[in-house]
Amino acid sequence: MGFEFDALSLFGLSAVSASLICYTMEKRSPWWTLGFVFANLAAAGYGFAQGAWPFGLIEIFWGAAALWRWLGTRRPAPV
């Protein structure tokens, strides 16, 4: 008895793993925050493809929040 993963499950595992890695590395560089954006959007795609639309929606909101943070790091500081 073992675990068998189809392509969708492997995609979801990869997306959520990338999200976790990028989240933990965010303080090191703004580029990790951008990676977190894309990882969350991939996880949202997985959620919708799997039929778990509430998960997909939450991941879109997480991605939007991360994008907002990343855009804030790209703006010059006020004088």
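The structure displayed is predicted, hence computed values, not measured ones.

What counts, and where the lines are drawn
Residues numbered from 1 in each chain as written. Predicted model: local features only at pLDDT ≥ 70, side-chain atom pairs only at ≥ 80, totals over all residues. Heavy atoms only, no water. Salt bridge = Lys/Arg side-chain N within 4 Å of Asp/Glu carboxyl O. Helix = DSSP H or I, 4+ residues; strand = E, 2+ residues; numbered from the N terminus. Buried < 20%, exposed > 50% of the residue type's maximum accessible area, 1.4 Å probe, protein only. Patch = residues over 30% accessible without salt bridge, like charges linked within 9 Å, V, L, I, M, F, W, Y side chains within 5 Å. Areas by Shrake-Rupley, 256 points an atom, 1.4 Å probe, with all protein chains shown as cover. Axes fitted to C-alpha atoms, helices over the stretch in contact; angles between N-to-C directions. Parallel < 35°, antiparallel > 145°, perpendicular 65-115°, else oblique. Left-handed = near helix turned anticlockwise from the far one by under 90°. Nonpolar A, V, L, I, M, F, W, Y, C, P; charged D, E, K, R; others polar. Expected span 1.5 Å × (residues − 1). Arc of directions from axis to C-beta. Contact = heavy atoms within 4.5 Å. Phe/Tyr/Trp six-rings, centres within 6.5 Å; stacked < 30°, edge-to-face > 60°.

1. Quick look at the pattern of salt bridges
Applying the stated criterion across every chain yields a total of 1 salt bridge. Across the pair glutamate 26 and arginine 69 runs a salt bridge, and its minimum N-O distance is 2.6 Å. A residue pair is termed long-range when its members are at least 10 positions apart, and glutamate 26 in the loop between α1 (7–25) and α2 (30–50) and arginine 69 in helix α3 (residues 53–74) qualify at 43 residues. The exposure class assigned to glutamate 26 is buried, which follows from its relative accessible area of 13%.

2. Section: a nonpolar patch on the surface
Where nonpolar side chains cluster on the molecular surface, the patch consists of Tyr23, Phe38, Leu41, Phe48, Trp53, Leu57, Ile58, Ile60, Phe61 and Trp62 and spans about 1100 Å² of accessible area. Among the secondary structure elements, those contributing two or more residues to the nonpolar patch are α2 and α3. Checked against the element boundaries, isoleucine 58 lands in helix α3.

3. What about the packing of α2 against α3?
Packing of α2 against α3 leaves a shortest axis separation of 8 Å and a crossing angle of 165°. Looking at the two axes, α2 sits roughly antiparallel to α3. You can see that α2 and α3 cross each other, and the crossing is left-handed. A per-class count over the contact of α2 with α3 returns 17 nonpolar, 6 polar and 3 charged.

4. So, α3
Spanning 22 residues, α3 covers 31 Å between terminal C-alpha atoms, matching the ideal 32 Å at 1.5 Å per step. For α3, the set of buried residues is Gly56, Glu59, Gly63, Ala66 and Trp70. Buried residues in α3, looked at end-on, bunch into an arc of 90°, giving them a common side. Residues of α3 that are exposed and point over 90 degrees away from its buried face: Phe61 and Trp68. On the buried face of α3, the contacting elements are α2.

5. Focus: the packing of aromatic side chains
Counted according to the given criterion, the structure contains 4 aromatic pairs. With 5.8 Å between their ring centres and 55° between their planes, tryptophan 31 and tryptophan 70 make a pair best called tilted. Placement of tryptophan 31 in helix α2 and of tryptophan 70 in helix α3 is noted, with a sequence separation of 39 residues between them. Classification of tryptophan 70 by relative accessible area gives buried; the value is 14%.

Structural measurements only, silent on function.
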